[in-house]
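# Structural features, examined
Listed here are the chains, written in short residue letters.
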Amino acid sequence: MSGARTSRPKEQIRFIATIVLLGPPGAGKGTQAKRIAERYHIPRISLGDLLRHIAAGNADPGRQIKEFIARGELVPDHVVFEVIAQRLRHTDCSRGFVMDGFPRTRTQACWLDSFLERDFPASSRGRHAVPIVILIQVDPDHLLLRLAGRRVCPSCGRTYNIYLQPPRAREVCDLDGSKLTRRDDDREEVVRARLVSYELETRPVAEYYRRKGQLFTVDGNLPVDQVTGQIVGVIEKRVKFIEDFDVAR
Ligand code: AMP
């Protein structure tokens, strides 16, 4: 039996993992989620992006969502559950996914647990059921600087920071020359509302996963590459466990 375990070629062992990135606004969840998605060829699911996409339409749900986002408030659960459930049912999620911006409340975390256990189509062997949850911790002073300086290219989606990671030409995307824009909810008063909402609603989510032994913390004050290195370290330690589990079956 142990011979079978060691002789199995590594490339036959499929990487399957559900990864959740937690952290305050400005912690770098989006940047890190993109890097992790590329590295493991799994989709990045950003609830904020999905909601902004719906909000861009003029139909009814979009208009209401837009108002919540503009105030820096959380969009109601019945809306976000529908959006997330639809997205996770796409076949591209069958090998796992990396999620940022969800769950943001304890209720959402409980909902995600039951969705992954009961309703997630690709979870027939239950391996998606236990997400690897990574909290990106950042000092509060850093957060304000990051959010106030954040600019986004409206064409290619690349993000910059005018203080910390400026484009070569002022307010212009290095890649395609588009004029950079600022997210409406990065204005200072909205940023403060988002940080308050994080403290009240999202911190308990970290505590929820910590109690279940699923929470890992990385230092988001470090340079981007080092944060990625820490996240990869956490995932690969954990995925090795999943591989061993698979091979032993
Ligand atoms: P983000 O891009 O993750 O900073 O999210 C932008 C905005 O989308 C938030 O300020 C909320 O209005 C909304 N949003 C994102 N994620 C959630 C969530 N899990 N629950 C409710 N609203 C959310």
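Residues numbered from 1 in each chain as written. Predicted model: local features only at pLDDT ≥ 70, side-chain atom pairs only at ≥ 80, totals over all residues. Heavy atoms only, no water.

### A word on the sheet that holds strand 7 (residues 215–219)
- Pairing is parallel in the open sheet, where five strands are placed in the order 2-3-1-4-7. Of all strands in the sheet, those bounded by a partner on one side alone are strand 2 (44–46) and strand 7. Each adjacent strand pair in this sheet contributes to an overall mean axis angle of 25°, direction not counted.
- As judged from the five bridges shared by strand 4 (residues 132–137) and strand 7, these two strands associate in the parallel manner. Paired with Gln 137 across the bridge in strand 7 is Asp 219.
- Along the sheet face, helix 2 (residues 29–40) touches strand 1 (17–22), strand 2, strand 3 (96–100) and strand 4 and points at about 170° away from the line of strand 3. (Pairing = 2+ DSSP bridges. Helix = DSSP H or I, 4+ residues; strand = E, 2+ residues; numbered from the N terminus. Axes fitted to C-alpha atoms, helices over the stretch in contact; angles between N-to-C directions. Contact = heavy atoms within 4.5 Å.)

### What about the nonpolar core?
- Formed by 33 residues in total, the largest nonpolar core has its most connected members in Leu 22, Leu 88, Phe 102, Leu 112 and Tyr 209.
- Looking at this core, the elements that each hand over two or more residues are strand 1, helix 3 (47–55), helix 4 (60–71), helix 5 (77–88), strand 3, helix 6 (106–119), strand 4 and helix 8 (188–211).
- Ranked by the residues each element gives to this core, the list is headed by helix 5, at six residues.
- Those residues in contact with Leu 22 that lie beyond four places of it in its chain are Lys 29, Pro 103, Val 133, Ile 134, Leu 135, Ile 136, Val 205, Ala 206, Tyr 209 and Leu 215.
- By size, the runner-up hydrophobic cluster in this structure holds 25 residues, among which are Leu 21, Leu 147, Val 232 and Ile 235. (Core = buried A, V, L, I, M, F, W, Y, C linked by side-chain atoms within 4.5 Å. Buried < 20%, exposed > 50% of the residue type's maximum accessible area, 1.4 Å probe, protein only.)

### As for the site of the ligand
- Contacts to the ligand come from 16 residues, most closely from Glu 73, Val 75, Gly 101, Arg 104 and Gln 108.
- Between Arg 183 and the ligand, the recorded distance is 3.1 Å, taken from a side-chain N or O atom to an oxygen atom.
- Summarising the interface, the protein chains cover 95% of the accessible area of the ligand, which totals 490 Å² for the free molecule.
- Tallying contributions element by element places helix 3 first for the shell around the ligand, with four residues.
- Considered class by class, the residues forming the shell around the ligand number seven nonpolar, three polar and six charged. (Near = heavy atom within 4 Å. Polar contact = N/O pair within 3.5 Å; in protein donor to acceptor, adjacent residues only side chain to side chain. Areas by Shrake-Rupley, 256 points an atom, 1.4 Å probe, with all protein chains shown as cover. Nonpolar A, V, L, I, M, F, W, Y, C, P; charged D, E, K, R; others polar.)

### As for the pattern of salt bridges
- Per the stated rule, a full pass over the model turns up 18 salt bridges.
- With a shortest N-O distance of 3.0 Å, Arg 183 and Asp 185 are connected by a salt bridge.
- Classification of Asp 185 by relative accessible area gives buried; the value is 8%.
- Each of Arg 150, Arg 183, Asp 185, Asp 186 and Arg 194 takes part in one network of salt bridges that share partners. (Salt bridge = Lys/Arg side-chain N within 4 Å of Asp/Glu carboxyl O.)

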